[in-house]
Amino acid sequence: MSDRLSVLKTYKLYVGGKFPRSESGRVYEVTDSKGKWLANAPQSSRKDARDAVVAARKAFGGWSGATAYNRGQVLYRVAEMLEGRKAQFVHEVADAEGLSKSRAAEQVEATIDRWVWYAGWTDKIAQVVGGGNPVAGPYFNLSSPEPTGVVAVLAPQQSSFLGLVSVLAPVIATGNTAIVVASESSPLPALSLGEVLATSDVPGGVVNVLSGRTAEIATPLASHQDVNAIDLAGADEVLAKELEIAAADNLKRVLRPQPVDNWTATPGIDRLTAFLETKTVWHPTGSLGASGSSY
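Residues numbered from 1 in each chain as written. Predicted model: local features only at pLDDT ≥ 70, side-chain atom pairs only at ≥ 80, totals over all residues. Heavy atoms only, no water.

K.L.:
Quick question: what am I supposed to make of the side chain of S22 here?
P.N.:
Counting through the fold element by element, S22 comes out in the segment before β1 (27-31). Look at S22 and you get buried, because its relative accessible area is 6%. A polar contact of 2.9 Å, which involves the side chain of S22, links it to the side chain of S24. Separated by 3.0 Å, the side chain of S22 and the backbone oxygen of Q43 make a polar contact. (Helix = DSSP H or I, 4+ residues; strand = E, 2+ residues; numbered from the N terminus. Buried < 20%, exposed > 50% of the residue type's maximum accessible area, 1.4 Å probe, protein only. Polar contact = N/O pair within 3.5 Å; in protein donor to acceptor, adjacent residues only side chain to side chain.)

Here is the structure:
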């Protein structure tokens, strides 16, 4: 029988490609479904939220400017990395959500498949929601989707991993950068996801992961002038209303909470289009020779 002590994991935030502790130095206890202590998670402050916004804004130009095909490759690499660490996430999801190992494995496999799903959409969404428009005049009229910018994402409270990825992946697949507020009671899978992102090809700052009290972190994000949109998936009715009012100050896009009975269902493209803007370009056609024909 071994008498060695276990090496307990120190969970940290993921901001700008680095792993800081909360600037406040605070932590809070995370327990499993039976109340057993699992770990101390960093309790993010308003300053941490502001730092995450700065990191996300800095990363936006490079990420949004990358080709859609390249973003797809990067997202697929994340799925590869998740596949290699499947056992760790099965353990964390089982503890976080009170699931059996087999049910947790199903959730983790569905999460990996969800990454692959969105990786495949990166270079196809433009064909679905963009294109040429009919115009009654001598013009070309072309519409194409562009990312909204920096998006704050409140991860679902109950589905700590599959729900998290289901709201995060479509945001970055379309070229946005994200600040994720992890599930308050079950933040560990989200914090471990930060480790996967750091060792994949996702540039630092594209995804920033904060843990702590959802209301405390989300409030400064909703009112922040450099946040362009917010997904309220993890907010209750009261908090969602407060955040929506705060978000109106700089006309943020707001995705209201939507009840999801089954996160494993095929997600469709609604979350891909939620944080896209449409750019329309008009270009006059020209005459070709004396015949007056045009192109």
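K.L.:
Hey, could you run me through the packing of aromatic side chains in this one?
P.N.:
When we look at a pair of aromatic rings, we describe it by the centre distance and by the angle of the planes. Evaluation of the coordinates by the stated rule reveals three aromatic pairs. We note R57 situated over the ring of F60; from NZ or CZ to the ring centre the distance is 5.7 Å. A cation over an aromatic ring shows up here: R213 above the ring of Y28, its NZ or CZ 4.4 Å from the ring centre. (Phe/Tyr/Trp six-rings, centres within 6.5 Å; stacked < 30°, edge-to-face > 60°. Lys NZ or Arg CZ within 6 Å of the ring centre and 35° of its normal.)

K.L.:
Sorry if this is basic, but what is going on with the pairing of β1 here?
P.N.:
Along any regular strand, the residues point their side chains to alternate faces of the sheet. Bridging between β1 and strand β2 (residues 37-42) involves five bridges; their strand directions are antiparallel. Along β2, the bridge assignment pairs V30 with A39. Where β1 hands over to β2, the hairpin turn is made up of five residues, of which G35 adopts a positive phi near 90°. (Pairing = 2+ DSSP bridges.)

K.L.:
How should the pattern of salt bridges be read in this particular structure?
P.N.:
Oppositely charged side chains may form a pair once their charged atoms are brought near each other. In this structure the tally under the stated criterion is 15 salt bridges. A salt bridge links E80 to R77, with the nearest nitrogen and oxygen atoms 2.9 Å apart. Of this pair, E80 and R77 both sit in helix α2 (residues 68-84), three residues apart, which is roughly one turn of that helix. Judged by its relative accessible area of 31%, R77 is partly exposed. Note that E277 is salt-bridged to R253, the shortest N-O span being 3.1 Å. Pair noted here: E277 is in strand β10 (residues 276-284) and R253 is in strand β9 (residues 253-255), with a separation of 24 residues, a long-range link. Salt bridges sharing partners connect three or more residues here, namely K9, R85 and E195. (Salt bridge = Lys/Arg side-chain N within 4 Å of Asp/Glu carboxyl O.)

K.L.:
How should the sheet that holds β10 be read in this particular structure?
P.N.:
Paired through backbone hydrogen bonds, the strands of a sheet run either parallel or antiparallel to each other. Spatially, β3-β4-β10 is the arrangement adopted by the three strands of the open sheet, whose pairing is antiparallel. Each edge of the open sheet is held by one strand with a lone partner, namely β3 (131-132) and β10. Note that strand β4 (residues 139-147) and β10 share nine bridges and pair antiparallel. Counted as the bridge partner of S144 is K279 from β10.

These figures come from the coordinates and say nothing about function on their own.
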